[in-house]
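# Structural characterization, general
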Amino acid sequence: MSATEGTPAGRLTRQEVAHVAMLARLHLDDEELDRFTGQLAVILDHAADVAALDLDGVPPTSHALSLANVLRADEPRPGLDRDEVLAGAPDVEDHRFRVPRILGEAP
Amino acid sequence: MSGVPGHDGWELVVGLEVHCELKTATKLFCGCPNSFGDEPNTNVCPVCLGLPGSLPVLNQRAVELAMAIGTALHCDIRPSTFHRKNYFYPDMPKDYQISQYDEPINADGWLELPDGARVGIVRAHLEEDTGKTTHAGASGRIHGADYSLVDYNRSGVPLVEIVSAPDLRSPAQARSYAAELRAILVATGASDGKMEEGSMRVDANVSVRRAGSSELGTRCEIKNLNSLRSLAHAVEHEAQRQVEVLESGGVVRQETRHWDEDRGATVTLRSKEEAEDYRYFLEPDLVPVVPDDGWRSAVAEALPPMPAARRRKLGALFGDEPVEPGGARSDQVATVVDLGLDELVEAAVAEGVPAALALARTANEAATDADAARRLPLVSYVALLRMEATGELTATQVKTVLADLLRDGGGDPAELARERGFEALSSEAVAAMVADAIAAHPDEWGRYRSGEDKLTGFFTGAVMKASRGQADGKAVAAELARRRAEP
Amino acid sequence: MRPSPARTASALADAVRSGSTTAAAVVEESLAAIAHGDGEVHAFVTVLADDARRQAAEVDRRVAAGEDPGPLAGVPVAVKDNLCTRGAPTTCGSRILEGWHPPYDATVVARLRQAGAVVVGKSNMDEFAMGSSTETSAFGPTRNPWDTSRVPGGSSGGSAAAVAAGFVPLALGSDTGGSIRQPAALCGVVGLKPTYGAVSRYGLVAFASSLDQVGPFATSVVDAALLFDVIGGHDPLDSTSLDRLPPRMASVVGDGVDGLSVGVLTEHLDGAAPDVVRRVHEAAEACAAAGASVEEVSVPEVRYGLSAYYLIAPAEASSNLARYDGVRFGLRVAADDVVAMNTATRTAGFGAEVKRRIMLGTYALSAGYVDAYYNQALRVRTLIAEAFATTYRRFDLLLGPTSPTTAFALGAKLEDPLAMYLSDVCTIPSNLAGHPAISVPFGTGDDGLPVGVQLMAPALAENTLLRAAAVVEAAAALVDGDGNAVGVEEQR
Ligand SMILES: [Mg+2]
Ligand SMILES: [Zn+2]
């Protein structure tokens, strides 16, 4: 059964969940896709009270802090030992991090 | 000249995005050295490797260099915030870039081109650079590589991204904008402007439209413009490509294209049909930067004069003779300003050296080793140029002595000239040699006296030969003219 | 089983500093307790026995040499496994970080070591701190020492259980939506979430950066204050670290609540179990008996906290957890190209709850939805902060339950994310506002399991919070294990 069946208009769809999984670099099989679609839809339904509030004119708060201009002097600090850094890496060649071929250019 | 070269009736619209690496001692958010060309992965720490638990702390110097750039580009310097731009890429350790989004530190400025045109600056914001990827395998390019290797030394190096308005109308103007921007970046001390080392990187947004239209056409973004030359070529080729597409009834697709220097053409990198979804949101690990008036004016007061002002100042040395834009003298002025050799010219002129001579020697000879020239004691340089102005040394001799001065980092030009055996010929000696030459070539002398001016060279050559190059050409010419004027 | 807590940290440190015992002996006792009891409780992901013995020996050397060994000399501490410990595993309860040894110490860990504390192990947690039961750990659940069929709460369940079981007198946890206070309540120990910015986050593996705070677990309020004094204060490596140094909290703990005003938050009583509500009322009476004015207060905006939190926290998490891509550290699952490798690694390395929240957060931030969800949640955050600001003009403190229920059975809510999320309903508002809050044990519920009451205060009012917590703690000592308050009535 597809989780999109019988869901009200505007509810999260299976296709949206698949798209989000792609953006997040996660692979979901068919069963997971159904399960996640259902579970996320329930959570988003619960958030509908928030989504429905009329908050025009209320500024967003990203942060509880009211700090500004937290700056550091432009002075070098010791970094990490290269061998220690590379020892924790999955694959290394020539003192660099090795990755499989890259198919697309950076945006 | 505006328009699309070779295609009448079309207008070219170009905006440039320039990424400039700032010349700080350390990276934007950590204390690792900001240094080019070191052994891979030696300038790294938890922050610039994006290790779990690490947090960014903003570099004050980077903020001030960004403000300096904003000031030089006549921008509003505003309270600003940082956002996360989310996308996965192996050269980006956190898989998001910390960048300024809807509240950039600098906005709404302008830059004046040497021809007087003003180009709008939309914004100039701070962001972090990525690591560097080397592609291993047959081609050495990303396409066809078997695998890639990543070095994070560059990761987190501070960048200012400067976005121009789409105000540029020709390949030459695009080039001129990039050259002028580079000169400004160097002058502020924010950047070394080295395009070949990637410390200044230019992307061009190019579109075309029918002449007279006010709507913007679909634009393509061109990447990989590694020099001013390739910028101009790429813009020209891309404009022609778009016009050809449109004239044959096609449509230009919005996409990112790559300038292929070898083929002399732009090629598709990526179609923008599927828009990127960067999921920007305010970076919770950083707080806003809110410059007050005191901070803004301290940055402004510390700024040296910008290239346009310096060019005007050099131009003023010529008095009533204006420096024509695009002419040879204007190029010399630009070179002197670019290389920061203004002081040499100004000091020489102040000591009575003719402006044209001071400019020529500085732009042509001193410029060959600008680093040494900037370190040269002004007294040495001025003394040497005076010896040329008074005819004590010939132009050739001055060039030789100047090379010695640059090599030695200074010295007494008179002494160097003596060591070289450049004995200054007295005016009596010159007069005697001219007299000898006249006596040896009576026919030529007769023709010269009756108005054949081109024989000046013949006599000058003869005197030069006799003096083994030590006579000053101008002094010889003056003596010849004096003799001709004698009854 | 009713656990028997270890001696207090203050008593242990005093004994080590005075030479009446050695750090080595204290640490051996802790390691022995862990060896004996942790098979059943599973509070630890990693026990660092050798490291701990080395650190203890160093403390003893300092004592012998007449140097100051620090305020926590020889005190064994459990450190939540999302705090980086140099050279020692730091897993965040996830397969994706299995085998990763950070090359640096978190600031709080460095400060612990500086203070003479001994890190005996890394405590279990919900994967990346996403959970309220410590069941989402990739390394198996932690069990509640009071009843091992029950959860210890989460996500810092390992730290809470380690203190409750008497393995260590102190532990560090992190609290994003209640992850210190809720397990403290369910395990019957004290848990403090400091003001946002009061404790450095440098080296705390981020879940939701604008909400995360490190804080102490202890068996007493004064011990919690002692640990807070050690870990708190400005850190130049954290841009959100406050430079207003809090005063030494441990010294004000005994100052009482005479003259303070306490509001009992009715919205948090509404959804709570009757036995829990009864305890909250008893705690309120204890405050009144000690001279505070107490009245009920309604702050309706807090009801939106849960929804806002479950949009904001996953949104930040979706970005914070992007770096687990198989390139630089931790797990890699091989694949032909880099996108396939990233995807295979993350798919294999993350558990279901982490994936669920990454998906939720990615969705809430994605084009077309960001205004309806994420930005709307940030506006709700403003409403809640403003409502608190108004309320704190009338009250010094707010009081309510920490968790709506006592510890629930293992597995009871694992398949129902929303039900699990609801167990954080009382703790979340303080995180959204950035305010400090503390959970203090106050007797037991009808099932004989601990009840925690929560005290909340405005930003940087930790001293008020700790004073009131000590009053509640003293009253709790008069409450018997069968749920009958003893002596409170008489005190009035
Ligand atoms: Mg950019
Ligand atoms: Zn670094």
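From a predicted model like this one, the values you see are computed outputs, not experimental measurements. (Residues numbered from 1 in each chain as written. Chains lettered and ligands numbered in written order. Predicted model: local features only at pLDDT ≥ 70, side-chain atom pairs only at ≥ 80, totals over all residues. Heavy atoms only, no water.)

### Observations regarding the coordination of the magnesium ion (ligand 1)
All names here are of chain B. Defined as follows: For Na, K and Ca the donor cut-off is 3.2 Å; for every other metal, N, O and S atoms count as donors within 2.8 Å. Water does not enter the count, which can leave sites looking incomplete. Secondary structure follows DSSP: runs of H or I at least 4 residues long count as helices, runs of E at least 2 residues long count as strands, and numbering of each begins at the N terminus. For each residue, the accessible area found with a 1.4 Å probe, counting protein chains only, is set against the maximum for its type, and the residue is called buried under 20%, exposed over 50%, and partly exposed in between.
Glu127 (OE), Glu127 (OE) and Glu161 (OE) make up the full set of protein donors to the magnesium ion (ligand 1), lying at 2.0 to 2.6 Å. In this pair, glutamate 127 is assigned in strand 7 (residues 118–128) and glutamate 161 in strand 10 (residues 158–164), connecting sequence segments 34 residues apart. The two residues glutamate 127 and glutamate 161 agree in class, both being buried.

### So, helix 2 (residues 171–188) of chain B
Formally: The span one expects for a helix is its residue count, reduced by one, times 1.5 Å.
With 18 residues, helix 2 of chain B extends 26 Å from end C-alpha to end C-alpha; this agrees with the ideal 26 Å at 1.5 Å per step. Among all positions in helix 2 of chain B, only Pro171, Gln173, Ala174, Tyr177, Ala178, Glu180, Leu181, Ala183, Ile184, Leu185, Ala187 and Thr188 of chain B are buried.

### Regarding the packing of helix 2 of chain B against helix 5 (residues 307–316) of chain B
All names here are of chain B. We count it as follows: Axis lines are fitted through C-alpha atoms, for helices just across the contact stretch, and the angle between N-to-C directions can take any value from 0 to 180 degrees. Convention used here: angles under 35 degrees read as roughly parallel, angles over 145 as roughly antiparallel, angles from 65 to 115 as roughly perpendicular, and any remaining angle as oblique. We call two residues in contact whenever any of their non-hydrogen atoms come within 4.5 Å of each other. Residues are grouped as follows: nonpolar covers Ala, Val, Leu, Ile, Met, Phe, Trp, Tyr, Cys and Pro; charged covers Asp, Glu, Lys and Arg; every other residue, Gly included, is treated as polar.
Relative to each other, helix 2 and helix 5 sit at 95 degrees, their axes nearing to 9 Å. In this view, helix 2 runs roughly perpendicular relative to helix 5, as classed from their interaxial angle. Residues Glu180, Ala183, Ile184 and Ala187 of helix 2 form the contact with helix 5, whose participating residues are Pro307, Ala308, Arg310 and Arg311. In terms of residue class, the contact of helix 2 with helix 5 is made up of five nonpolar, no polar and three charged.

### Here's the deal with the pairing of strand 9 (residues 147–151) of chain B
Selection criterion: Pairing between two strands is assigned when DSSP locates at least 2 bridges connecting them.
Most of strand 9 of chain B sits out of view: five of its five residues are buried. Of the two faces of strand 9 of chain B, both are covered, the one formed by Tyr147, Leu149 and Asp151 of chain B as well as the one formed by Ser148 and Val150 of chain B. Of the pairings in the sheet, the one linking strand 3 (residues 96–100) of chain A to strand 9 of chain B comprises four bridges and is antiparallel in character. Paired with phenylalanine 97 of chain A across the bridge in strand 9 of chain B is valine 150 of chain B.

### Comments concerning the interface of chain B and chain A
The condition that has to hold: Note: buried area is the sum, over both parts, of the accessible area (probe 1.4 Å) each one loses when the two are combined. By definition here, a salt bridge exists when the distance from a side-chain nitrogen of Lys or Arg to a carboxyl oxygen of Asp or Glu is within 4 Å. Polar contact criterion, stated in full: a pair of N or O atoms within 3.5 Å, where within protein one must be able to donate a hydrogen and the other to accept it, and residues adjacent in sequence count only if both atoms are side-chain atoms.
Each partner contributes residues to the interface: chain B has 54 residues there, and chain A has 37 residues. Between chain B and chain A the total buried area reaches about 4,000 Å² when both faces are included, carbon and sulfur atoms providing 60% of it. Broken down residue by residue, the surface that chain B buries against chain A is led by Phe88, Tyr147 and Leu149 of chain B, which jointly contribute 14%. Measuring nitrogen to oxygen at the nearest pair gives 3.7 Å for the salt bridge that ties glutamate 39 of chain B to arginine 82 of chain A. Linking chain B with chain A are 21 residue pairs in polar contact (both at pLDDT 80 or more). Those elements that provide at least two residues to the side of chain B that touches chain A are strand 2 (58–59), helix 1 (60–72), strand 8 (132–136), strand 9 and strand 14 (265–271) of chain B. Broken down by element, the residue count for the side of chain B that touches chain A peaks at five residues, all from strand 9 of chain B. The residue makeup of the side of chain B that touches chain A, split by class, is 32 nonpolar, 12 polar and 10 charged.

### Regarding the sheet that holds strand 2 (residues 76–80) of chain C
Residues and elements named next belong to chain C. Across the sheet, 11 strands lie side by side as 1-3-2-4-6-5-10-11-9-7-8; this open sheet has mixed pairing. At either end of the open sheet lies a strand with only one pairing partner, and these are strand 1 (44–47) and strand 8 (293–297). On average, each strand axis in the sheet is inclined to that of its neighbour by 30 degrees, with strand direction left out of account. Pairing between strand 4 (residues 170–175) and strand 6 (residues 213–218): six bridges, direction antiparallel. In the sheet register, serine 174 faces strand 6, and the bridge partner there is valine 214. On the sheet, helix 16 (residues 462–476) packs against strand 5 (190–193), strand 9 (397–401), strand 10 (437–444) and strand 11 (450–456) and is oriented at approximately 5 degrees with respect to strand 10.

### Regarding the packing of aromatic side chains
Put simply, the rule reads: Centres within 6.5 Å are what make two rings of Phe, Tyr or Trp a pair, Trp counting through its six-membered ring; a difference in plane orientation under 30 degrees is then read as stacked, over 60 as edge-to-face, and the rest as tilted. For a ring to carry a charge above it, either NZ of a lysine or CZ of an arginine must fall within 6 Å of the ring centroid while also lying within 35 degrees of the normal to the ring plane.
The final tally for this structure, using the stated rule, is 22 aromatic pairs over all chains. Linked through ring pairs, Trp100, Phe128, Tyr324, Phe329 and Phe350 of chain C together constitute an aromatic cluster. In this structure, arginine 98 of chain A packs its charged tip against the face of tyrosine 147 of chain B, placed 3.4 Å from the ring centre. Positioned over the ring face of tyrosine 278 of chain B is lysine 85 of chain B, at 4.5 Å from the centre of the ring.

### Observations regarding the packing of helix 7 (residues 221–231) of chain C against helix 16 of chain C
When two helices pack together, their arrangement is given by the angle between their axes and by how far apart the axes lie. All names here are of chain C. Interhelical geometry of helix 7 versus helix 16 gives an angle of 155 degrees and a closest axis separation of 9 Å. Of the possible angle classes, the one that applies to helix 7 and helix 16 is roughly antiparallel. Note on element contacts: helix 16 touches helix 7 through Glu462, Leu466, Ala469, Ala470 and Glu473, opposite Val221, Ala225 and Phe228. Classifying every residue of the contact of helix 7 with helix 16 gives six nonpolar, no polar and two charged.

### Examining the layout of surface pockets
Residues and elements named next belong to chain B. We apply this condition: Computed over the protein atoms alone on a 1 Å grid, cavities are sets of points where a 1.4 Å probe fits but cannot get out and pockets are open sets with protein on both sides within 12 Å along at least five of seven lines; a residue lines them when it has an atom within 4 Å of a point. Grid points are joined across faces, edges and corners, and a volume is the space filled by probe spheres set on the points.
There is about 810 Å³ of room inside the second largest pocket. As for the second largest pocket, its lining consists of 33 residues, of which Leu113, Pro114, Asp115, Arg311 and Ser330 are closest to the centre. Of all the secondary structure elements, the ones that give two or more residues to the lining of the second largest pocket are helix 2, helix 5 and helix 6 (328–338). No other element matches the seven residues that helix 2 contributes to the lining of the second largest pocket. Looking at the lining of the second largest pocket residue by residue, the class counts come to 12 nonpolar, 10 polar and 11 charged.

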